[in-house]
Amino acid sequence: MKVLVTTDAVGGVWEYSVELARGLRAAGVEVVVASVGPPPSADQRVMFAATPSCTLIETDLPLDWLCADAAPVLAAGKAIAELASELSVDLIQLNMPTLAAAGPMPVPTIAVTHGCVATWWEAARPGTPLARDYRWHSALTAAALRNVDRVVAPSTAYAAIVRRHYGLAEAPQAIHNGRTPLRAFDPAEPIADVALTVGRLWDGVKNAALLDRAAARLPIPFLAAGAARGPHGETIRLTHLRELGQLSADQIAGHLAKRPVFVSAASFEPFGLAVLEAAQAGCALVLADNPTFRELWDGAALFVPIGEDGWCSAIEGLILDPSRRHALGEAARSRAGRYTPAASAAAMLALYREVLSARPPASKVAA
């Protein structure tokens, strides 16, 4: 089986795609990864280089949410279709679903919806119609999800949102993401009395401002890793969180190794790779009580109701109760064992086979 997987170097889709490619190669699948959007960083290239026998093609095609209108995205979809034909692949996995908006791809195609502008907007600005500048993106996504053979989401909670928002006949299939731990767990590593959040600080759904208010009342440092400025000029001014800026995976691993209390106040999260990385490191988790986090971490985290101001007491309570903090960290680490790249790749491969059985590539039928 030969598969074309699209990816991008902005956010967690790169890590997802590379880990998936490794799992698929281990199962004997030939994988070609085609990147769109800004070029990968040096660290991302090193990560891919450690993936044996996989091909990377940097297409220079645009990333949809960085475009001003539909035209370049539709052109990119046609280019990916042509690439698939040139490579004689059996199946395409689109990690940017809008690439299928112009019409069905030449071979069976699966779209993985890691998140989209319209569902993000619904969470970020409830009750406010999607801005005119983004409506084209929503229209392309709606068309694309109907043009592919199957749709996948990284959680059941997000699958339900996608089905409702786009009026799909059935919900996308939920296949949880997986992640290789950033470094080996070392129980002898001293635990630091700090809190840590990681993510797009500029993004309103991450609720960094809420955590900034909590940091003002905490007796411990509260660190925040991630960009404070977004790609469209979005900014946030934080007064009490100690900003670390955008960190490499090795730098984040260094912070997580000290097992800080890991916090995410996100009101909208299709999966949350940063939470998984923290759990793998044995961090106690304090999370927003949203449907995705409940699905993944119920029984292995403390939950704070969305919009409420209980973050300070939840974090401080764990700092003052080391045994509870340790138990919660161990529960998170145990739960994280469910979310492995191998499990994700196995589920995707089973879906590939199911889709190919239902609609074999034309070249295979002719043969």
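To start, this report covers the structure provided alongside it. (Residues numbered from 1 in each chain as written. Predicted model: local features only at pLDDT ≥ 70, side-chain atom pairs only at ≥ 80, totals over all residues. Heavy atoms only, no water.)

1. Describing the packing of helix 1 (residues 13-26) against helix 2 (residues 42-49)
Working step 1: Relative to each other, helix 1 and helix 2 sit at 15°, their axes nearing to 10 Å. In terms of axis orientation, helix 1 runs roughly parallel to helix 2. Seen from above, helix 1 lies across helix 2 with right-handed handedness. Residue-level contacts link Trp14, Glu15, Val18, Glu19 and Arg22 of helix 1 to Gln44, Met47 and Phe48 of helix 2.
Working step 2: Its residues placed into classes, the contact of helix 1 with helix 2 shows four nonpolar, one polar and three charged. (Axes fitted to C-alpha atoms, helices over the stretch in contact; angles between N-to-C directions. Helix = DSSP H or I, 4+ residues; strand = E, 2+ residues; numbered from the N terminus. Parallel < 35°, antiparallel > 145°, perpendicular 65-115°, else oblique. Left-handed = near helix turned anticlockwise from the far one by under 90°. Contact = heavy atoms within 4.5 Å. Nonpolar A, V, L, I, M, F, W, Y, C, P; charged D, E, K, R; others polar.)

2. Overview of the pairing of strand 12 (residues 285-288)
Working step 1: Of the pairings in the sheet, the one linking strand 11 (residues 261-264) to strand 12 comprises three bridges and is parallel in character. Across the sheet, residue Val263 finds its bridge partner in strand 12, namely Val286.
Working step 2: With helix 9 (residues 273-280) bridging strand 11 and its parallel neighbour strand 12, the resulting β-α-β unit is right-handed.
Working step 3: For strand 12 and strand 13 (residues 302-304), the ladder comprises three bridges, and the chain directions are parallel. Residue Ala288 lies in a different strand from strand 13, and its bridge partner there is Val304.
Working step 4: In this fold, strand 12 hands off to helix 10 (residues 291-297), which returns the chain to strand 13; that crossover is right-handed. (Pairing = 2+ DSSP bridges. Right-handed = clockwise from strand over helix to strand, strands pointing away.)

3. Observations regarding the packing of aromatic side chains
Each pair of aromatic rings is reported with the distance of its centres and the angle of its planes.
Working step 1: Within this structure, the stated rule accounts for six aromatic pairs.
Working step 2: For the ring pair Trp120 and Trp121, a centre distance of 6.3 Å and an interplane angle of 65° mean the geometry is edge-to-face.
Working step 3: Relative accessible area serves as the criterion here: at 10%, Trp121 is assigned to the buried category.
Working step 4: Ring centres 5.5 Å apart and planes at 75° place the aromatic pair Trp297 and Tyr339 in the edge-to-face group. Highlighted residues: Trp297 in helix 10 and Tyr339 in the loop between helix 12 (322-336) and helix 13 (341-358), separated in sequence by 42 residues. Grouping residues by exposure puts Trp297 and Tyr339 together as buried.
Working step 5: The ring centre of Phe303 lies 4.0 Å from the NZ or CZ of Arg294, which sits over that ring. (Phe/Tyr/Trp six-rings, centres within 6.5 Å; stacked < 30°, edge-to-face > 60°. Buried < 20%, exposed > 50% of the residue type's maximum accessible area, 1.4 Å probe, protein only. Lys NZ or Arg CZ within 6 Å of the ring centre and 35° of its normal.)

4. Section: the nonpolar core
Across soluble globular proteins, you tend to see nonpolar side chains buried next to one another.
Working step 1: Membership of the largest hydrophobic core comes to 43 residues, with the highest contact counts inside it found for Leu4, Ile80, Ile92, Leu94, Leu99, Met105 and Tyr166.
Working step 2: Mapped onto this core, the elements with two or more residues apiece are strand 2 (30-36), helix 3 (71-87), strand 4 (91-94), helix 4 (117-124), helix 5 (132-147), strand 6 (150-153) and helix 6 (156-166).
Working step 3: Residues in contact with Ile92, not counting those within four places in the same chain, are Leu4, Ala84, Met105, Pro106, Val107, Pro108, Thr109 and Ile110.
Working step 4: Leu211, Phe222, Leu241 and Leu318 belong to the second largest nonpolar core, which has 28 residues in total. (Core = buried A, V, L, I, M, F, W, Y, C linked by side-chain atoms within 4.5 Å.)

5. Some details on unusual backbone geometry
Working step 1: In this structure, Ser88 is a non-glycine residue whose phi angle is positive, near 55°.
Working step 2: One can find Ser88 in the loop between helix 3 and strand 4.
Working step 3: A relative accessible area of 54% means that Ser88 is categorised as exposed.
Working step 4: In this structure, Asn207 takes a positive phi of about 55° despite not being glycine.
Working step 5: Within the secondary structure, Asn207 sits in the loop between strand 8 (195-198) and helix 7 (208-217).
Working step 6: Judged by its relative accessible area of 22%, Asn207 is partly exposed.

6. Observations regarding the side chain of His137
Working step 1: Relative to the assigned elements, His137 resides in helix 5.
Working step 2: Once residues within four sequence positions are removed from consideration, His137 is found in contact with Asp64, Trp65, Thr98, Cys116 and Val117.

7. Some points on the environment of Leu140
Working step 1: By the element assignment, Leu140 lies in helix 5.
Working step 2: Residue Leu140 is classed as buried on the basis of its relative accessible area, which comes to 9%.
Working step 3: Through-space distance from the C-alpha of Leu140 to that of Leu99 is 8.4 Å; in sequence the pair is 41 residues apart.
Working step 4: Non-local contacts of Leu140, meaning those with residues more than four positions away in its chain, are made with Ala70, Val73, Leu74, Thr98 and Ala101.

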